Amino acid sequence: TDKKSGTGGADFSFPHLVKWAEMATRAESERALANLPISGSQLFVIVLLDERGEATSAELARMMRITPQALTTLLRPLRDDGFITRTTDAAHRRRLPLSLTDKGAAVLRQARDLSPAVEDKLLARFSSDERRQFKEMLARLARDFD
């Protein structure tokens, strides 16, 4: 139970609990990924490109729920350092999709190799069945807004 309220957090609002969980996850992830050459937000870009195959800057900004200006700040070092590339869509010359390079795919593999340890630390107090259910529920919530 929660030391202050004695309720295990049940009296906190859902958004409050999600924010705390996000902060704990972000902190643990950043510790685990500290030796990677990209930030956690840049890793999210790489994950999205890996899932989609390619996406425009506008599409990525919408998926990440950030402004195009904020996305530009994330993308510039990824392009400059060779993690992603921009091409011209042959069918739609004005469309400039981004995709992963081999270097981007390699850093994604490194990050994914670190993920089980992060998950184990964060979910250590959950049974394997609780972990599976929790991840399924989070995925359902997240995908509803994708």
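Residues numbered from 1 in each chain as written. Predicted model: local features only at pLDDT ≥ 70, side-chain atom pairs only at ≥ 80, totals over all residues. Heavy atoms only, no water.

S.K.: How should the side chain of Gln42 be read in this particular structure?
M.R.: With respect to the secondary-structure elements, Gln42 resides in helix α2 (residues 40-52). Taking relative accessible area as the criterion, Gln42 reaches 11% and is therefore assigned buried. Sequence-distant contacts of Gln42, defined by excluding residues within four places in its chain, comprise Leu74, Pro77 and Leu78. (Helix = DSSP H or I, 4+ residues; strand = E, 2+ residues; numbered from the N terminus. Buried < 20%, exposed > 50% of the residue type's maximum accessible area, 1.4 Å probe, protein only. Contact = heavy atoms within 4.5 Å.)

S.K.: Help me out: how do you make sense of α2 in this one?
M.R.: Note that an α-helix has 3.6 residues per turn; residues three or four places apart therefore point the same way. The terminal C-alpha atoms of α2 lie 18 Å apart, and with 13 residues this matches the ideal 18 Å at 1.5 Å per residue to within 8%. Taken as a whole, α2 has its buried residues at Gln42, Leu43, Val45, Ile46, Leu48 and Leu49. Tucked inside the fold, the buried residues of α2 contact α3 (57-64), α4 (68-80), β1 (84-86), β2 (98-100) and α5 (102-122). Downstream of α2 by one or two residues, Gly53 has phi in the positive range, about 90 degrees. (Expected span 1.5 Å × (residues − 1).)

S.K.: What am I meant to see in the packing of α2 against α3 here?
M.R.: Axis separation between α2 and α3 bottoms out at 11 Å; the angle between their running directions is 115 degrees. Between α2 and α3, the crossing angle belongs to the class labelled roughly perpendicular. Between α2 and α3 the crossing geometry is right-handed. For the pair α2 and α3, the contacting residues are Ser41, Phe44, Val45, Leu48, Leu49 and Arg52 in the first and Leu60, Met63 and Met64 in the second. (Axes fitted to C-alpha atoms, helices over the stretch in contact; angles between N-to-C directions. Parallel < 35°, antiparallel > 145°, perpendicular 65-115°, else oblique. Left-handed = near helix turned anticlockwise from the far one by under 90°.)

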